[in-house]
Amino acid sequence: MGDRAAWPKDNRLVLIGDVHGHYEGLCRLLDLISPRVGDRLYFLGDLVDRGPSSAAVVELVRQCGYGAVRGNHEDMMLLTFEGKQINAARLFVWCNSGGDETLASYTSTELLWQHLDWLHRVPFYQDLGTVFIVHAGLDPTLPLVQQTSKECCWIRESFLGHPIPYFVDKTIVVGHTITFTFPNVEAGQIVRGAGWIDIETGAYHRRSGWLTALDWTNQWVYQVNVLYGGTRQGELETFLVDLADFSWSTS
């Protein structure tokens, strides 16, 4: 894993995994990427929760006009404040999933409402041509028009374990499921299955700390460790574990 002196292609498509409120780490990652005019950056959801600076992360993505899809943590946040009324039961669930750190990161209610309005407009998925991005995955049994937040933000085994790619002409890139939870995968590695790639390397998790960006155009990976320091980068294949035929469950 090392530096590349010259890039073969400009106008990069760069996909960034779950940030989970680690603003300083994200800034370091963006410095490593060095976005240029014409580059397209997209976030795979879970901008918020668990880390100390969720409000700053959302504000950066919003102000820079980067693309994003909704994650399950944004979904919990939006449901908590649905109709601009606090739902106590949903607030309890959200706070137990890292929402308390998110609330603490807001210095004003006005900014919180602005971010909630923006998050409401973030789509569940985006079709980027040869790449399709969604936070968690898609239900293999449903057509695209029937996929809801339940599938796009929360699905795991039924998508990840399906042996047939959902699309024949594009790769689905996801976050949501930390890659070291797959068998024989080390912290920071990227996982490839049947028609999908998972770049959620567990930035918030003390077993990992790695935050990942995938330059799809050049098949290049950038990583910073938000917990323990350090950066690394290299060709996608050097980070990749191919699990197209894996057997996996959360139990």
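Up top is the structure these notes are about.
Cut-offs and rules
- Residues numbered from 1 in each chain as written.
- Predicted model: local features only at pLDDT ≥ 70, side-chain atom pairs only at ≥ 80, totals over all residues.
- Heavy atoms only, no water.
- Helix = DSSP H or I, 4+ residues; strand = E, 2+ residues; numbered from the N terminus.
- Rg over C-alpha atoms; globule rule 2.2 N^0.38 Å.
- Buried < 20%, exposed > 50% of the residue type's maximum accessible area, 1.4 Å probe, protein only.
- Areas by Shrake-Rupley, 256 points an atom, 1.4 Å probe, with all protein chains shown as cover.
- Lys, Arg positive; Asp, Glu negative; His and termini not counted.
- Charge placed at Lys NZ, Arg CZ, Asp CG, Glu CD.
- Phe/Tyr/Trp six-rings, centres within 6.5 Å; stacked < 30°, edge-to-face > 60°.
- Lys NZ or Arg CZ within 6 Å of the ring centre and 35° of its normal.
- Salt bridge = Lys/Arg side-chain N within 4 Å of Asp/Glu carboxyl O.
- Contact = heavy atoms within 4.5 Å.
- Expected span 1.5 Å × (residues − 1).
- Bend = angle between axes of the 7 residues up to and from the residue.
- Polar contact = N/O pair within 3.5 Å; in protein donor to acceptor, adjacent residues only side chain to side chain.
- Pairing = 2+ DSSP bridges.
- Axes fitted to C-alpha atoms, helices over the stretch in contact; angles between N-to-C directions.
- Core = buried A, V, L, I, M, F, W, Y, C linked by side-chain atoms within 4.5 Å.
- Parallel < 35°, antiparallel > 145°, perpendicular 65-115°, else oblique.
- Left-handed = near helix turned anticlockwise from the far one by under 90°.
- Nonpolar A, V, L, I, M, F, W, Y, C, P; charged D, E, K, R; others polar.

## Some points on the overall build of the protein chain
Next up, step 1: From N to C terminus, the protein chain includes eight helices and twelve strands.
Next up, step 2: For the protein chain, whose C-alpha radius of gyration is 17 Å, the value lies close to the compact-globule estimate of 18 Å for 251 residues.
Next up, step 3: Principal-axis analysis of the C-alpha atoms gives the protein chain an extent of 45 × 40 × 35 Å.
Next up, step 4: In the protein chain, which comprises 251 residues, the proportion classed as buried is 52%.
Next up, step 5: If you sum the accessible surface of the protein chain, you get close to 11,100 Å²; carbon and sulfur atoms cover 50% of it.
Next up, step 6: Across the protein chain, the mean location of the 19 positive side-chain charges is 1 Å away from that of the 29 negative side-chain charges.

## Description of the packing of aromatic side chains
Next up, step 1: If you walk through the whole model with that rule in mind, you get eight aromatic pairs.
Next up, step 2: Of the aromatic side chains, those joined through ring pairs into one cluster are Y125, F132, Y166 and F167.
Next up, step 3: Seen from the ring of F167, K170 lies directly overhead, with NZ or CZ sitting 5.8 Å from the centre.
Next up, step 4: Over the face of the ring belonging to W210 we find R232, whose NZ or CZ atom lies 3.9 Å from the ring centre.

## Remarks on the side chain of E200
Next up, step 1: By the element assignment, E200 lies in the loop between β8 (196–198) and β9 (210–215).
Next up, step 2: Comment: no salt bridge for buried E200; closest opposite-charge side chain is R50, at 7.3 Å.
Next up, step 3: Ignoring any residue separated from it by four or fewer positions in sequence, one finds E200 in contact with D18, H20, V174, G175, H176, T177, I178 and T179.

## A look at helix α4 (residues 88–104)
An α-helix turns once per 3.6 residues; consequently, residues spaced three or four apart project the same way.
Next up, step 1: Taking 1.5 Å per residue as the helical rise, α4 with its 17 residues ought to reach 24 Å, whereas the 17 Å between its terminal C-alpha atoms falls clearly short.
Next up, step 2: Where α4 bends most, at G98, the angle is about 90 degrees.
Next up, step 3: Along α4, the positions that sit buried rather than exposed are W94, S97, G98, G99 and T102.
Next up, step 4: For α4, the elements touching its buried residues are α2 (54–64) and α3 (72–80).

## A short note on the environment of F182
Next up, step 1: Considering the arrangement of structural elements, one finds F182 in the loop between β6 (171–174) and β7 (190–192).
Next up, step 2: Taking the relative accessible area as the measure of exposure, F182 reaches 2% and is therefore buried.

## As for the side chain of Q147
Next up, step 1: Locating Q147 in the fold gives a position in the loop between β5 (131–134) and α6 (149–154).
Next up, step 2: A distance of 2.9 Å separates a polar atom in the side chain of Q147 from the backbone nitrogen of D139.
Next up, step 3: For Q147, the side chain forms a polar contact with the main-chain oxygen of L142, separated by 3.0 Å.
Next up, step 4: Every residue in contact with Q147, bar those within four places of it in the chain, is listed here: L138, D139, L142, C152 and Y166.

## A word on the sheet that holds β6
Consider a sheet: its strands pair through backbone hydrogen bonds, and that pairing is either parallel or antiparallel.
Next up, step 1: The six strands are arranged β4-β5-β6-β8-β7-β12 in an open sheet whose pairing can be described as mixed. Two strands in the sheet have a free side with no partner beyond their single neighbour: β4 (125–127) and β12 (240–242). Ignoring which end each strand starts from, the neighbouring axes of this sheet average 20 degrees apart.
Next up, step 2: One ladder, built from three bridges, connects β5 with β6; its direction is parallel. When the bridges of β6 are listed, F132 appears paired with I172.

## Brief notes about the nonpolar core
Next up, step 1: Core analysis: the biggest nonpolar cluster contains 36 residues, and I16, F43 and L47 have the highest contact counts within it.
Next up, step 2: At the level of elements, β1 (13–16), α1 (23–33), β2 (40–43), α2, α3, α5 (109–121), β9 and β10 (220–225) are the ones that each hand at least two residues to this core.
Next up, step 3: Among the elements that take part in this core, α2 stands out by supplying five residues, more than any other.
Next up, step 4: Here F43 is in contact with I16, V19, L26, V61, Y66, G67, A68 and V69, once residues within four sequence places are set aside.
Next up, step 5: One finds L15, I190, I197 and L236 within the second-largest nonpolar core, a separate group that totals 18 residues.

## Examining the packing of α3 against α5
Next up, step 1: For the pair α3 and α5, interaxial distance at closest approach is 10 Å and the crossing angle is 120 degrees. Here α3 is positioned oblique relative to α5, judged by the angle of their axes. In this structure, the crossing between α3 and α5 has a hand that is left-handed. The segment α3 lies against α5, with E74, M77 and L78 engaging L112, L116, L119 and H120.
Next up, step 2: For the contact of α3 with α5, a count of residues per class yields five nonpolar, one polar and one charged.

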